[in-house]
Structure formats: structure tokens, C-alpha cells
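One-letter residues, chain by chain:
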Amino acid sequence: MNEPLSKDAVAHIARLARLELGEAELSRFAGQLSAVLEHVEAIQRLDTAEVPPTSHPFELVNVLRDDERSACLPREAVLAAAPAAQDGRFRVPRILGEAP
Amino acid sequence: MSETEAFAGGALAIAARVRSGELSARVVTEAALEEIAASEPLLHCFNTITAERALAAADAVDAKVLAGEDPGPLAGVPVALKDNLCTRGVPTTCSSRILEGWRPPYDATVVARLSAAGAVSVGKTNLDEFAMGSSTETSATGPTRNPWDPARVPGGSSGGSAAAVAAGLVPLALGSDTGGSIRQPAALCGVVGLKPTYGLVSRYGLVAFASSLDQIGPFALTLADAAATLQVIAGHDERDSTSLAHPVADLATELRRGVEGLRVGVVADFLSEASGSCAAAVRQAADALADAGALVKEVAIPELLHGLSAYYLIAPAEASSNLARYDGVRYGLRVDGDDVQEMNARTRSAGFGDEVKRRIMLGTYVLSAGYYDAYYAQAQRVRTVILRSFARAYEDCDVLLAPTTPSVAFPIGAKTADPLEMYLSDLFTIPTNLAGHPALSVPFALGEEGLPVGVQVLAPALGEGPMLRAGAALEAVAAPGARGPVRPQLGGPLAGVAR
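None of these values were measured; they are calculated from a predicted model.

Peer 1: So what's going on with the overall build of chain A? Which residues, and what values?
Peer 2: In terms of helices and strands, chain A carries 3 helices and 2 strands. When its helices and strands are written in sequence order, chain A yields α-α-α-β-β. For 100 residues, the compact-globule estimate of 2.2 N^0.38 gives 13 Å, and chain A exceeds it by more than 25% at 23 Å. Considered along the principal axes of its C-alpha atoms, chain A spans approximately 55 × 45 × 30 Å. Burial analysis of chain A (100 residues in total) assigns 29% to the buried set. For chain A, the exposed area adds up to about 7,500 Å²; of that, 51% sits on carbon and sulfur atoms. For chain A, the distance from the average site of its 11 positive side-chain charges to the average site of its 16 negative ones is 11 Å.

Spelled out as C-alpha cells, the structure:
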């Protein structure tokens, strides 16, 4: 059986998932996620060496269309639903630091 | 006119009377809006009620009838939409704070198709946040209550839609089903719930949870109403790349075909995992189908019991990817931070509830380096095992019969502290989603505490026809009083009193 998740492990996962968690949340989630993982680990004991994986119920093929212009959503309507917009674009905080 | 009179006979009866001019769509809509407003303080089925839009839509239907134009097959039928279906200009929250106040700039294909068929949308129903849950308790707007007993959950995640139909507030509703989110609440609320074949109904405008599993379907009081709704919303849509090009069968004809010679397999492995009344209902249903001329036998498909574990690896993995889009940039909530990463994290931490955070983290973990093969890839192999075991069973069965849920509706709060216990509610519904198959839940019996019990009919891909044939035979012999509408009342072990 695999090790239960530690608080540090949960904190690492939360960082990867862009979540900020407090101490109490880290402890609670560590216990709950470990319990779920312990249950689902049962499938690790199934012999699937000869079984291919399925990612989708049916075989998917790329859906292509002619490269023609067609109607799309009006820019103003989309930007109106955003928390912040400016000059016809989504506005976000600074991404890069000041030049040295 | 009272709501009871206006709704008599269900959705198709309403449409027939509206189409003939005998009943106005406005009268029906007003009755529904009145019932919804009255029920809301007790049941909380709705996140948003769109009264003005509904009345305008109803008037447009009535105008068409007056002008001699065809108002559509669902003319004047009030319908409730799960609040993860995009509605142009109407808030679509997924019962999450992160989408609070967001008004989509477009309609989901199913919303547009229902509207074109004359149905009148009255509002958006409550759900577990982002459809993650089995009780509607993870909703940021508070739980929906079960009209049969308001101290109990309606199931989930489409609990608001199921409860709204069960309480007689609307004759039709739409939900989405990723691991049982239509069938499980349908069973717990005593209504019909149908999950179509993956790809039969366009998901354009359905907020994505787990894209290889999600599918939209109807709730109704009768199978005929559910089938008529599916007929309207099904069919190819070029805006959904997973939409099937397959033509849709005439479902009303299928409903009338009977079960003579239909080969039915009873999934023996599920019976031992279900409560007394849920297992007994399946045995009774099997006997009834045999009496009606079906060829019934027990089948062993033990692999299906591994579906739950595979699902709780695959669905969170897909969710962790799908929900990455809630980053405070394009819609809904933003909590400011010094840089983009801090803004992202603060927004997501404030906007998502606990269950959504748990699933995002579970998904992130099983996809991360070092764990991918042991968890996610193994779950995908088990998905193949389940597809193969279904295929073997369907070599000599047309449909399968199973319980929909392990138990009747449980009390509010009973499973919120233990996510794993909650997940086990989906044990019998999940394999269908992993396989992309259709299944439906028919209200069939009354179980513990006088609460409704559903029986599930499963079919192979595009087996909606045989599935509806078996469902109709079960509906014909279901226990009287096993389905809604019920008039909700507070207090007592059996608070719901049939009208």
C-alpha cells in the first residue's frame, strides 16, 4: 500500500493547482485525500499488463472544416463578462518584473 | 387556474393543449412561477428564476398559436435548466462563487433547441458546485431539499432539477450526468432521469467537468415526456467535436414496442451491494419484465464494481485540467494579487468550495510526475476492462437491469464529513459513464421510510430504443405513489404526502 499523503505533499499539490490553503485545510485535505487514495488503490492490484488504456468512450477523429470565416462571439460581449478589460483586451496584473 | 390543473397529464399533455389553443402558455408559465416562488424558501431548487423572460417566451408561443404557426412539440411547457448550462444574458453560476455574476454571451445548444421547440425556460436549478457531489450539498448557494422529506438530500449533482420535477414545480428539467448526476437524484426524488449515449446530445455550452464522461439529459415525471425531450435536444451539432453524426431513432415509437423477446440481464453483482428495498425493487422489476414477455436472466459482471475507483481517478484528473480556466482573467471572480500567480491562487482559493478543491488536488496529484502510471494510466486500463465486460454482457443481452442507488435518500449532513462515503452513492451509475452508454432510472417502488426507489435500465451505445422499451414496461407496473409529484411538508419521518 502507498504512504498516506503528508501535509507537505498536499501543500505541494495545492501549489501546482494554484490554490492557497491554510493549516487547517491542509490537515483536513491530507486525511480525506489519503482515504480516497487508499480506496482507489484497489485497482492497482488488477492485472492489466495486456490491456490498453481508454481515454474516451468512442474512437475520436479530428473534426476538420474548411478554413472559412464564420460568425463568432462579439468581442464586447465577451469582455463585458471579464473582471477587468482595457483597450479591447483582458487586463491582468504585471507578468514580468521591472527591467534591471 | 391552479397549477395542478394547468400541469395535468405532464409535458406532452400541456403541449397538446397549448398547441390546440385550449390552454395558453402564459397561464401555464404563471402557474409554474407561482409554485416555484412558494417552494423556494423550503426546497431551494433554483439559483435564478427568470420570470420576465419566461412570460415573454410564453407570450411568443401564444402569439404563434394565434397566428396559426407551429409553436413546436414542447409548446408552452415550463422547463428548468441545471445552472451549468449556459444561458445568454442569464447568470450561470455552477453553484460556485467563482462564477458569481457571470452572464454567458451565448446559449448552450440544448437551451436553444428547447426554446425552438416552444419550451419555456423558467430558471436555473441548484447543483453541487461544478456538478461535483451526490447530494447538492456542495452548492455555494446552500443545499436543495428533497420534496419527499425536506430533512433529506435530493441526490446530486442535478438535485435542483430532480427536486423541481418531483415537487411538481415544472414538468421538465435538464441535468448533466458525469457519474450518475441525473439518474441518482432522479431515483432519490421519484422521477424519471435519462442519461443518453455519449455524443447523442451536444454539450456546446455545458460547463465542462470531465469531458470524456459528461452528458446532458432530461428529468420528467413520465418516460414519454423524457423521451420527447431527448428527441428535441438530441442530434448532431458541429459546435461539439464529440457530437455523433448518427441519426436519432423515433423514440416515441420505441416506447410503444413492448418487451416481447427483449433479452434482459440482471446485474447480480450490484444486488448484494444495495439496501433491502433497492435490491428488492430490481428483483420485482425483473419478474415484471419476464411476465411481460422479456427473456430475463442473471448476469455476473464483477468488473463493474471497479468502476468507482477508476472514475474517482479519471474524473478528478479531467476536472483539474478543465477547471484551470478559472484563473480570474476571463470570467467571474477576481481577487487581486501582486502578480498573476498570486492573483490566480487567491481567486481560486476564495472562489472554489472544499469539494472542488479536493477534486482538483486529487486530479493534479494523479497526473503528476511519478504517480501518473500508477493511478491515471491504470484507471484508463480499468476503463478498457469495463468496456470489454459490458461488451461481453451485451453479446446475449439487449439491456441490463440494476439498482440506481445503494439506498434511499439520506439525511442532509449524513455524508458531508466523509467524501469517500459520499462517492459510494455512485457505485451503480458510474460504469455507464465510463463506457459512454445510455441508462435511465425509473421510479419503481417505495422503500425505507416510504421514500422512492429507482430501478436502472442500462443499454449499449445508441441502445436508447431497447432501454426505453424496458423502461416503459417498468413504468406500467411501478408501485402507485412511487413517483412525484409530492407536496413537500416539514416534519415527520414521511413528510412528503402524495397529492
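Now that the structure has been shown, we can carry on.
Peer 1: I'd like a rundown of the sheet that holds strand 10 (residues 439-446) of chain B, residues and numbers included.
Peer 2: Residues and elements named next belong to chain B. Spatial strand order, 1-3-2-4-6-5-10-11-9-7-8: 11 strands in an open sheet with mixed pairing. The open sheet has two free edges, formed respectively by strand 1 (46-49) and strand 8 (295-299), since each of these has just one partner strand. In this sheet, neighbouring strand axes are inclined to one another by 25 degrees on average, regardless of whether the strands run parallel or antiparallel. Taken together, the 5 bridges between strand 7 (residues 263-267) and strand 8 define a ladder with parallel strand orientation. Across the sheet, residue Val266 finds its bridge partner in strand 8, namely Glu298. Docked against the sheet, helix 11 (residues 276-291) engages strand 7, strand 8, strand 9 (399-403), strand 10 and strand 11 (452-458), running at close to 150 degrees with respect to strand 9. Sheet contacts for helix 18 (residues 464-477): strand 5 (192-195), strand 9, strand 10 and strand 11; angle to strand 10, the most-contacted strand, approximately 10 degrees.

Peer 1: Residues and numbers for a nonpolar patch on the surface, please.
Peer 2: Together, A:Val92, A:Ile95 and A:Leu96 give the surface a local cluster of nonpolar side chains, amounting to about 320 Å² of exposed area. Topologically, A:Ile95 is positioned in the segment after strand 2 (89-90).

Peer 1: Would you mind going over helix 8 (residues 223-233) of chain B in detail, with residue names and values included?
Peer 2: Residues and elements named next belong to chain B. Counting buried positions along helix 8 gives 9 out of 11 residues, so the element sits mostly inside the fold. Looking only at helix 8, the buried set comprises Leu223, Asp225, Ala226, Ala227, Ala228, Thr229, Leu230, Val232 and Ile233. In the stretch just after helix 8, Gly235 is the one whose phi turns positive, near 120 degrees.

Peer 1: Break down the state of the cysteines for me, citing the residues and quoting the values.
Peer 2: Residue and element names in this part refer to chain B. Within this structure, the stated rule accounts for 0 disulfides over all chains. Its sulfur unpaired, Cys94 is 7.5 Å from the next cysteine sulfur, which belongs to Cys86. Judged by relative accessible area, Cys94 falls into the buried class, the value being 1%. Cysteine Cys278 remains unbridged, with the sulfur of Cys189 as its closest cysteine sulfur at 14 Å.

Peer 1: Kindly report on the pairing of strand 3 (residues 120-125) of chain B, identifying the contributing residues and their values.
Peer 2: Residue and element names in this part refer to chain B. Burial within strand 3 is extensive, with 5 of its 6 residues counted as buried. Of the pairings in the sheet, the one linking strand 2 (residues 78-82) to strand 3 comprises 5 bridges and is parallel in character. Bridge pairing in strand 3 links Pro78 to Val120. Of the crossover connections in this fold, the one passing from strand 2 over helix 5 (residues 109-116) to the parallel strand 3 is right-handed.

Peer 1: Give me the packing of aromatic side chains: which residues, what numbers.
Peer 2: In the structure shown here, the tally under the stated rule is 14 aromatic pairs over all chains. Ring geometry for B:Phe130 against B:Tyr326: centres 4.9 Å apart, planes inclined by 50 degrees, an arrangement best described as tilted. Taken as a pair, B:Phe130 in the loop between strand 3 and helix 6 (159-166) and B:Tyr326 in the loop between helix 12 (307-322) and helix 13 (340-351) lie far apart in primary sequence, 196 residues in all. For the residue pair B:Phe130 and B:Tyr326, the accessibility class agrees, reading buried in each case. Residues B:Tyr311 and B:Tyr312 carry aromatic rings whose centres are separated by 4.9 Å and whose planes lie at 80 degrees to one another, so their mutual orientation is edge-to-face. With relative accessibility at 2%, the residue B:Tyr311 sits in the buried group. Overall, the relative accessible area of 2% leaves B:Tyr312 in the buried class. Members of the aromatic cluster, joined through ring pairs, are B:Trp102, B:Phe130, B:Tyr326, B:Tyr331 and B:Phe352. Of note, A:Arg28 hangs over the ring of A:Phe29, and the distance from its end group to the ring centre comes to 5.4 Å.

Peer 1: Explain the interface of chain B and chain A to me, using residue names and the numbers behind them.
Peer 2: Where interface size is given, it is often the accessible area lost as the parts come together that is meant. On the side of chain A, 49 residues touch chain B, which itself brings 67 residues to the contact. Interface area for chain B against chain A, summed over the two sides, is near 4,900 Å², with a carbon-plus-sulfur share of 69%. Across the chain B-chain A interface, the total number found is 2 salt bridges. With a closest N to O distance of 2.5 Å, B:Asp354 and A:Arg28 form a salt bridge. On inspection of chain B and its partner chain A, the count reaches 18 residue pairs in polar contact (both at pLDDT 80 or more). Elements represented by at least two residues in the side of chain B that touches chain A include exactly helix 12, helix 13, helix 14 (354-367), helix 15 (373-393), helix 16 (419-423) and helix 17 (430-435) of chain B. Per element, the largest residue contribution to the side of chain B that touches chain A is 12 residues, and it comes from helix 15 of chain B.

Peer 1: Could you give me a rundown of the domain arrangement of chain B, with the residues and numbers involved?
Peer 2: Residue and element names in this part refer to chain B. For chain B, the assigned domains read domain 1 (3-302 + 389-477) and domain 2 (304-384). Facing the 37 residues of domain 1 at the interface are 30 residues of domain 2. Both sides of the domain 1 and domain 2 interface together cover about 3,100 Å² of buried area, and 66% of this is carbon and sulfur. For the domain 1 face of the interface with domain 2, the top three residues by lost area are Ile98, Tyr423 and Leu434, together amounting to 24%. Counting across the interface, domain 1 meets domain 2 through 0 salt bridges. At the boundary of domain 1 and domain 2, one finds 16 residue pairs in polar contact (both at pLDDT 80 or more). Among the secondary structure elements, those contributing two or more residues to the side of domain 1 that touches domain 2 are helix 10 (268-271), helix 15, helix 16 and helix 17. Tallying contributions element by element places helix 17 first for the side of domain 1 that touches domain 2, with 4 residues. Taken together, the residues of the side of domain 1 that touches domain 2 sort by class into 22 nonpolar, 9 polar and 6 charged.

Peer 1: Could you give me a rundown of the pattern of salt bridges, with the residues and numbers involved?
Peer 2: Residues and elements named next belong to chain B. Scanning the entire structure with this criterion turns up 22 salt bridges over all chains. The partner of Glu298 in a salt bridge is Arg283, and the shortest N-O contact between them spans 3.5 Å. Pair noted here: Glu298 is in strand 8 and Arg283 is in helix 11, with a separation of 15 residues, a long-range link. Residue Arg283 is classed as partly exposed on the basis of its relative accessible area of 45%. Residues participating in the shared-partner salt-bridge network are Arg26, Glu30 and Asp59.

Reading the values: the criteria
- Residues numbered from 1 in each chain as written.
- Chains lettered and ligands numbered in written order.
- Predicted model: local features only at pLDDT ≥ 70, side-chain atom pairs only at ≥ 80, totals over all residues.
- Heavy atoms only, no water.
- Helix = DSSP H or I, 4+ residues; strand = E, 2+ residues; numbered from the N terminus.
- Rg over C-alpha atoms; globule rule 2.2 N^0.38 Å.
- Buried < 20%, exposed > 50% of the residue type's maximum accessible area, 1.4 Å probe, protein only.
- Areas by Shrake-Rupley, 256 points an atom, 1.4 Å probe, with all protein chains shown as cover.
- Lys, Arg positive; Asp, Glu negative; His and termini not counted.
- Charge placed at Lys NZ, Arg CZ, Asp CG, Glu CD.
- Pairing = 2+ DSSP bridges.
- Axes fitted to C-alpha atoms, helices over the stretch in contact; angles between N-to-C directions.
- Contact = heavy atoms within 4.5 Å.
- Patch = residues over 30% accessible without salt bridge, like charges linked within 9 Å, V, L, I, M, F, W, Y side chains within 5 Å.
- Salt bridge = Lys/Arg side-chain N within 4 Å of Asp/Glu carboxyl O.
- Disulfide = S-S within 2.5 Å.
- Right-handed = clockwise from strand over helix to strand, strands pointing away.
- Phe/Tyr/Trp six-rings, centres within 6.5 Å; stacked < 30°, edge-to-face > 60°.
- Lys NZ or Arg CZ within 6 Å of the ring centre and 35° of its normal.
- Buried area = accessible area lost by both parts, 1.4 Å probe.
- Polar contact = N/O pair within 3.5 Å; in protein donor to acceptor, adjacent residues only side chain to side chain.
- Domains from an automatic or database assignment.
- Nonpolar A, V, L, I, M, F, W, Y, C, P; charged D, E, K, R; others polar.

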